[in-house]
Amino acid sequence: MTPAIASEQKTANGKSWLHRLNSGWFVALLPLSLTLLFAGLIGRVATGEVITVSYPWVPSLGVNLSFYIDGLSLVFALLISGIGTLVIIYAGGYLDGHPQLGRFYVYLLLFMTAMLGLALSGNIIAMFVFWELTSLSSYLLIGFNHRQSEARASALQALLITGGGGLALLAGLVLLGQVGGSWELSNLLTQDIVIQNHPLYLPIVLLFLLGAFTKSAQFPFHIWLPNAMAAPTPVSAYLHSATMVKAGIFLLARFNPILGNTPIWQCSLTATGAVTMLLGAYLAWQQTDLKRILAYSTISALGTLVLLLGVGTAIAVKAAVVFLIVHSLYKGALFMAAGAIDHETGTRDINQLRGLRRVMPITFVAVTLAALSMAGALPLFVGYIGKKLIYEAALTAPSAAWLLTGLVLLTNTFTVVVAGLVAVRPFWGQLKPTPKPAHEAPPSLWLGPLLLAGLGLLLVGLLEFVPSSLLTPFLATSATAIADELVRVKLAAWSGVNAIFWLSLATLLAGIGLYTGRNGLRRLLSPANALVAIGPERIYERTLAGLQIVATGQTRLLQHGYLPLYLLTIVLTAAGLIGYTLLTRYGLNIGAHWSGVRVHEITVAVVILLATVAAVVSNSRLATIAALGMIGYGLSLLFVFYGAPDLAMTQLAVETLTVIILALTLYHLPRFSRLSSTASRARDALVALTVGGLVSVLVLTVLTVPMRSRLTPFFAENSVTLAKGRNIVNVILVDFRALDTLGEITVLAVAAIGIYALLKQQKHNK
């Protein structure tokens, strides 16, 4: 929490020391150290070793804090920590001078911890905890500018959609653990046949898919991602390019060996991925806001990854691993560059941006490199390799190969247009005036984009000129972890003139043509866009409005502020549920044994009954208190009659103390007055008689059931040995149910404090 505290501590010139130190560079040391730590594991994991560590967390439930590091989890850990390092440096420059920069660092590091926990977790319950932490921390990050209504609405939308999916995932994980017989991932990976043949397999798959699709913005849950662009750009660069939106992809890849290779799994993933891939790309090139362009293209990329996992062949899995890395590199770079442009020009609208290459040359280089990788235009970039593998996976798909290839071709064509929109439109042509005088961003803003975009070149160099490096075997272990079979990886930028080459060339030419004629095509497609506008976004708005209407109605019905009705609702609900259960399970069986009842017991019971009536009808508070005291003392006598003198003593002490306190308290109150109508009093009397009668029937019914409690012998046997007490009642109160007793005492204490405050306030008002 140090950054959050430091940001509030201003120096004499109005800037905290956190800002004066260019804090991003300092805070980034933490994720950088984690990146180096994970990079040191590449050699071990590349040989096929799986590193596991486990600590007991909730042993009674079999829940451990386990970590499972294989190729897949290590790829994600490196992306999360590596890109996180650059994003934190970037955030230090982007939010320089922001009074809540420290709080932003805390949110960002919290999210990073949650993502790392999710990727490395070896226990599915712990995995869910980290999964939900990503939703919670992303809510804080998206709504960071909470004074803006758009930011609040976007954060809520993301939380509702991903949180709803999280609940479905929890149900799926619980079912999976029950069917597989373990919460540990390593054990579940060996139970795939058992799980897939179980009757609960279909519900498990559907619940998993719902969780993954909401998190990774698959159609029709994709709407939250473009709206989340209301967040500061470091959030978009981190959450919406390389980490959070990939959590659903990670989930599908992680559990593919357990749930995959079945028709329902493959068809669901392939169909959903194909629709999302094409829809995202189609909507991306029609946007004018840089971040929204990138957001929709991210949706398209996520759809591509889901499609590849659905195809499920070795080449498709290999393509998914490569494209996962490729997309994280170029999309992280482009998001950060878009933020730098906005930061230094005052706008992200491409219609207002021209000729920036002259005033922002470094940003221009970074964007150009990243866009070329995104378009897959040249074999010099790793993006070309990723696009080539996607075409190869589509062409060799087990079914509908040509249909998938056509969809991929159309999607990639749109992606080339998107690359042109972000790399050509803002930087070429005559420099156009912008809301702020345009100038190059500081190093903290262009370092991340330049490094990530440059990595696209570096990786190709490693693949081409250092074939013995760890990169290829490391990627192979990642693909093997997803496919659950040995996947060999051999990557090359150039593989000759073949069908894939011609598809890549056709994509590039079609993309250039579409970019040139995009304005005319946009006008031509405007009727179709109207249909898109009434899709899931409108359904979400209507659903949210309906929920608000229901919430308002139930609040007016139940939260009316009238205490007697609250009590009536609670009492009647309890009486109805208890009475229904009593009648349906035991019937009206009140055959109590009256023969053993003695005269003095009947006398005490009659006195209690008369005292109760007197307490209700009396017009004097002191008489009412005296009647209540008689009830308590009568109960004490009953305890004595039935051999519980310790309870009787406790009851006597409590009753005496209560009577004294009530007498002292009520003495200062005004005289009784009739505040309720006759009808209300009759209603209350009827409810009281009903509940009293129900409790009487319940007690009499209990007396007819043989007492077979397992607790009685347990307490008798363990009171001395475990709690060192011979008074079983006392031991129960202060040891076996000590927390309950503590809770009751706390409630009484809080009530007493509240009463004291009210009395004091009343005295103050006088």
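Residues numbered from 1 in each chain as written. Predicted model: local features only at pLDDT ≥ 70, side-chain atom pairs only at ≥ 80, totals over all residues. Heavy atoms only, no water.

1. Examining the pairing of strand β1 (residues 51-58)
- The pairing of β1 with strand β2 (residues 63-69) spans 7 bridges and is antiparallel. Paired with Thr 52 across the strands is Tyr 68, a residue of β2. (Pairing = 2+ DSSP bridges. Helix = DSSP H or I, 4+ residues; strand = E, 2+ residues; numbered from the N terminus.)

2. Section: the confidence of the model for the protein
- In the predicted model, the protein carries a mean pLDDT of 87, and 94% of its residues have values of at least 70.
- Within the model, the stretch residues 1-13 combines pLDDT values under 50 with 26 contacts to residues more than four positions away or in other chains. (pLDDT = per-residue confidence, 0-100. Contact = heavy atoms within 4.5 Å.)

3. Topic: empty space enclosed by the protein
- Across all of its chains, the model carries 5 cavities of 30 Å³ or more by this definition.
- Put simply, the largest cavity is a space of about 160 Å³.
- Around the largest cavity sit 17 residues that line it, and Thr 304, Phe 323, Tyr 330, Asn 412 and Thr 415 are the ones nearest its centre.
- Looking at the lining of the largest cavity, the elements that each hand over two or more residues are α18 (290-311), α19 (314-345), α20 (361-375), α21 (382-395) and α22 (401-423).
- Per-class residue counts for the lining of the largest cavity are 7 nonpolar, 8 polar and 2 charged.
- Its volume calculated, the second largest cavity comes out at about 90 Å³.
- Around the second largest cavity, the lining residues are Leu 72, Val 75, Phe 76, Ile 249, Ala 253, Leu 305, Leu 309, Ala 320, Val 321, Leu 324, Ser 478 and Ile 482.
- Elements supplying a minimum of two residues to the lining of the second largest cavity: α6 (71-94), α15 (244-254), α18, α19 and α24 (471-483).
- For the lining of the second largest cavity, the per-class residue count stands at 11 nonpolar, 1 polar and no charged. (1 Å grid on protein atoms, 1.4 Å probe; cavity = no way out; pocket = protein on both sides within 12 Å on 5 of 7 lines; lining within 4 Å. Points joined across faces, edges and corners; volume = space filled by probe spheres on them. Nonpolar A, V, L, I, M, F, W, Y, C, P; charged D, E, K, R; others polar.)

4. Quick word on unusual backbone geometry
- At the junction of Phe 219 and Pro 220, the peptide bond is cis and its omega measures out at 5° in the coordinates.
- Structurally, Pro 220 is set in the loop between α12 (201-215) and α13 (224-227).
- Residues other than glycine seldom take positive phi values, yet Ala 217 does so here, at roughly 55°.
- Of note, Ala 217 is situated in the loop between α12 and α13.
- Here the phi dihedral of Asn 261 falls at roughly 65°; this positive angle occurs in a residue that is not glycine.

5. Digging into the layout of surface pockets
- Looking at the largest pocket, its volume works out to about 2100 Å³.
- Together, 46 residues line the largest pocket, and Ile 608, Leu 609, Thr 612, Val 613 and Val 616 are the ones closest to its centre.
- When grouped by side-chain class, the residues that make up the lining of the largest pocket number 28 nonpolar, 12 polar and 6 charged.

6. Points about the pattern of salt bridges
- This structure, assessed with the given rule, holds 9 salt bridges.
- Asp 342 is paired through a salt bridge with Arg 348; the nearest N and O atoms lie 3.5 Å apart.
- Assessed through its relative accessible area of 19%, Arg 348 is described here as buried.
- Linking Arg 737 and Glu 744 is a salt bridge whose minimum nitrogen-to-oxygen distance equals 2.9 Å.
- For Arg 737, a relative accessible area of 24% corresponds to the partly exposed category.
- One network of salt bridges, with partners in common, ties together Asp 289, Asp 342 and Arg 348. (Salt bridge = Lys/Arg side-chain N within 4 Å of Asp/Glu carboxyl O. Buried < 20%, exposed > 50% of the residue type's maximum accessible area, 1.4 Å probe, protein only.)

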